[in-house]
Amino acid sequence: MMAKSDALTEICAMLDTYGGRDKVMKALCYAAKLMSGLYVSSNADKSKKFAIFSSKISGARATLRLIDDIPMLKYTLEYGWGQKEPDRAMSVLGVIANFVDHLYYPIEKICWLIEHKLLNVTNPTKWDTLSSVFWVSSIYLNLMRTMRMVALIEHHKQCVSSQKSDSSAAMEKLINNQRMEVISVIRLSLDLIQAGSTLPKGYLWGGKLETWHVGLVGTLSAFIGIYQYFAKKKMAK
């Protein structure tokens, strides 16, 4: 009973946060998209219901992102020029990623206004394409940062292992951190596949993935994100 109570407490703690709630909504959104794609040939009515559910959850996530600018601005000001990063490459990638995100957020808002017919433009497709380009760019930059971090941790591991003093605790911490970064590489790679699929045909793999492909990729990414949330909390303890 205690184990069940602890699990429920952890789940509620996650759902009490914006990031945790978004992870669960992402999982629901793409799991429904996956089911919609799987049922598209065998049961059109069920496929449509799953598609509607996925669309509504996706819309709710997009609406909640409308207020992300202020937290992003706070993070960017605290990040500065990346002085706390372990090397210059990480700093440069971090600054560029923040700049891209600050361009992406207002573009996404314009797309939201267009979608809900609150703003009239001559070519809404161009705004969708622009949003996809910045989405892909943001994920790619964060993927490069994470891969760089994996390499830096590997270098630190070699330094620690060469020391004569007992360094088992330090090595264990580095291994756990590196494992978490590798998982982030996998998650970001899945996100990149998903984002690239929203580009127009002829760009990367835009338009080439079927609905169930996108649903599967998004679902895997979402559950990896949920796993990382709990794993990081456990590591912090």
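Being a predicted model, the structure only gives us computed values, none of them experimental.

Caption draft 1: Up close: helix H4 (residues 69-79). What H4 keeps buried is the set Met72, Thr76 and Tyr79. In a view along the axis of H4, the buried residues occupy a sector of 65°, so they form one face of it. Within H4, the exposed residues directed more than 90 degrees away from the buried face are Ile70, Lys74, Leu77 and Glu78. Close packing links the buried residues of H4 with helix H5 (88-115) and helix H6 (124-161).

Caption draft 2: Representation of the pattern of salt bridges. Counting across every chain of the model gives 11 salt bridges. Where Asp191 meets Arg187, a salt bridge forms, and the shortest distance between an N and an O atom there is 3.9 Å. Of this pair, Asp191 and Arg187 both sit in helix H7 (residues 168-196), 4 residues apart, which is roughly one turn of the helix. Judged by relative accessible area, Asp191 falls into the buried class, the value being 9%. A single network of salt bridges, built from pairs that share partners, joins Lys26, Arg187 and Asp191.

Caption draft 3: Structural context of unusual backbone geometry. Backbone geometry places Lys117, a non-glycine residue, at a positive phi of 60°. Note on placement: Lys117 falls in the loop between H5 and H6. You can call Lys117 exposed: its relative accessible area is 70%. Positive phi outside glycine occurs at Leu204, with the angle close to 50°. Turning to its location among the elements, Leu204 is positioned in the loop between H7 and helix H8 (211-236).

Caption draft 4: Up close: a nonpolar patch on the surface. Residues Leu38, Trp212, Leu216 and Leu220 make up a contiguous nonpolar surface patch of about 340 Å² in total accessible area. The element best represented in the nonpolar patch is H8, accounting for 3 residues.

Caption draft 5: Quick peek at the nonpolar core. Counting residues in each nonpolar core, the largest one holds 10 residues, listed as Met72, Leu93, Ala97, Val100, Tyr104, Tyr105, Ile107, Cys111, Phe134 and Leu141. Contributions of two or more residues to this core are made by H5 and H6. The dominant element in this core, judged by the number of residues it contributes, is H5, at 7 residues. Those residues in contact with Leu93 that sit more than four places away from it in its chain are Leu141, Met144 and Arg145. The next biggest cluster of nonpolar side chains, apart from the first, holds 9 residues, and it includes Ile139, Leu143, Val150 and Leu192.

Caption draft 6: The packing of aromatic side chains, seen in detail. One pass over the structure, following the stated rule, counts 4 aromatic pairs. Judged by centre distance (6.0 Å) and plane angle (5°), the ring pair of Tyr39 and Phe50 falls under stacked. Taken together, the residues span a long stretch of sequence, with Tyr39 in helix H2 (residues 18-39) and Phe50 in helix H3 (residues 44-64) at a distance of 11 residues. Owing to a relative accessible area of 25%, Tyr39 belongs among the partly exposed residues under this scheme.

The rules we used
- Residues numbered from 1 in each chain as written.
- Predicted model: local features only at pLDDT ≥ 70, side-chain atom pairs only at ≥ 80, totals over all residues.
- Heavy atoms only, no water.
- Buried < 20%, exposed > 50% of the residue type's maximum accessible area, 1.4 Å probe, protein only.
- Helix = DSSP H or I, 4+ residues; strand = E, 2+ residues; numbered from the N terminus.
- Arc of directions from axis to C-beta.
- Contact = heavy atoms within 4.5 Å.
- Salt bridge = Lys/Arg side-chain N within 4 Å of Asp/Glu carboxyl O.
- Patch = residues over 30% accessible without salt bridge, like charges linked within 9 Å, V, L, I, M, F, W, Y side chains within 5 Å.
- Areas by Shrake-Rupley, 256 points an atom, 1.4 Å probe, with all protein chains shown as cover.
- Core = buried A, V, L, I, M, F, W, Y, C linked by side-chain atoms within 4.5 Å.
- Phe/Tyr/Trp six-rings, centres within 6.5 Å; stacked < 30°, edge-to-face > 60°.

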